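Observations on the three-dimensional arrangement
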Amino acid sequence: GSWDIWLVKTDSNGNEEWNKTFGTDNENDYGYQIINTNDNSYVIVGEAGNAPNDQDVVLIKVDSDGNEIWTKYYGGGFIDIGQSVYQTSDNGFVITGFTYSGSSFSVALFKTDSDGNEQWSKTYGGSDDDRAYSVQQTSDGGDIITGHTASFGSGNRDVWLIKTDNEGNEEWNQTFDGDSDDYGHSVQQTNDGNYIIAGSKGQDIWLIKTDQNGDII
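What counts, and at which threshold
- Residues numbered from 1 in each chain as written.
- Predicted model: local features only at pLDDT ≥ 70, side-chain atom pairs only at ≥ 80, totals over all residues.
- Heavy atoms only, no water.
- Helix = DSSP H or I, 4+ residues; strand = E, 2+ residues; numbered from the N terminus.
- Rg over C-alpha atoms; globule rule 2.2 N^0.38 Å.
- Buried < 20%, exposed > 50% of the residue type's maximum accessible area, 1.4 Å probe, protein only.
- Contact = heavy atoms within 4.5 Å.
- Areas by Shrake-Rupley, 256 points an atom, 1.4 Å probe, with all protein chains shown as cover.
- Lys, Arg positive; Asp, Glu negative; His and termini not counted.
- Charge placed at Lys NZ, Arg CZ, Asp CG, Glu CD.
- Pairing = 2+ DSSP bridges.
- Axes fitted to C-alpha atoms, helices over the stretch in contact; angles between N-to-C directions.
- Phe/Tyr/Trp six-rings, centres within 6.5 Å; stacked < 30°, edge-to-face > 60°.
- Core = buried A, V, L, I, M, F, W, Y, C linked by side-chain atoms within 4.5 Å.

1. Looking at the overall build of the protein chain
- Per the secondary structure count, the protein chain includes zero helices and 17 strands.
- The C-alpha radius of gyration of the protein chain comes to 17 Å, within 12% of the 17 Å expected for a compact globule of 217 residues.
- Seen through its C-alpha atoms, the protein chain measures out along the principal axes to roughly 45 × 40 × 35 Å.
- When each of the 217 residues of the protein chain is scored for burial, the buried share is 44%.
- The contacts of the protein chain with a sequence gap of at least 6 include a subset with a gap of at least 24, amounting to 36%.
- For the protein chain, the computed accessible surface area is about 10300 Å², with 39% contributed by carbon and sulfur atoms.
- Taken as two groups, the 11 positive and 37 negative side-chain charges of the protein chain have centres that lie 3 Å from each other.

Shown next as structure tokens:
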């Protein structure tokens, strides 16, 4: 009856084989990314309105038929939203998104074990609107995160790139200003050890390549 997370499995031609929903009757729940795990299951990251702390990051693990194995919640502020997840070399998970504690949004990063139990969490940002939409593991075992920041840079929303170590401690960050509201939506480390960001610059697609320190190439 309310918005639910929807999982649809298709064959190689896009024909539906099955679908599953996750959520409650009275709250809105959203799924933003799904990945295949090392044990041939799936995890879905998103936000849950039926969570213990009002609106929390949700991570749902399901088997290959879409049956729920476990569901975990993360956060503690008023609003916590998960946007991106990857599986780590120890079979745990790293999640990024953003959190709102009552004054502004901050970038959030969570690390879990293989059962989804939280091991640590970090936040990054200032006094204005800061959000993350994509995280990937880097070759040194740390994380690269992209999103946008209004706390730093030009004062508009700028593309934001954050590099952390393997415990979520920030090593450096860079902002990229396109003279409008600009957003970083996806980030990858390239084969040469640099980084590539796909985002938007005003109404245009923006593709940015940086070196290992986040300086524009």
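2. Considering the sheet that holds strand S15 (residues 182–189)
- Ordered by their spatial adjacency, three strands build an open sheet running S15-S16-S17, and the pairing between neighbours is antiparallel. On the outer flanks of this sheet lie S15 and strand S17 (204–210), each paired with one strand and no other. Each neighbouring strand pair of the sheet contributes to a mean axis angle of 20 degrees, computed without reference to strand direction.

3. Focus: the packing of aromatic side chains
- Across all of its chains, the model carries nine aromatic pairs by this definition.
- An angle of 70 degrees between the planes, with centres 5.9 Å apart, marks the rings of Phe-98 and Tyr-133 as edge-to-face. With Phe-98 in strand S8 (residues 93–100) and Tyr-133 in strand S11 (residues 130–137), this pair connects stretches of sequence that are 35 residues apart. Each member of the pair, Phe-98 as well as Tyr-133, carries the same accessibility label: buried.

4. Here's the deal with the nonpolar core
- Listed in full, the 12 residues of the largest apolar core are Ile-35, Val-43, Val-45, Val-57, Leu-59, Trp-70, Tyr-74, Val-85, Phe-93, Ile-95, Ala-108 and Phe-110.
- Elements supplying a minimum of two residues to this core: strand S4 (42–51), strand S5 (54–62), strand S6 (68–74), S8 and strand S9 (105–112).
- Aside from chain neighbours lying at most four places away, what touches Val-43 is Gln-33, Ile-34, Ile-35, Thr-37, Leu-59, Ile-60, Lys-61, Val-85 and Phe-93.
- Listed in part, the 11 residues of the second largest apolar core include Val-107, Leu-109, Trp-120 and Ile-162.

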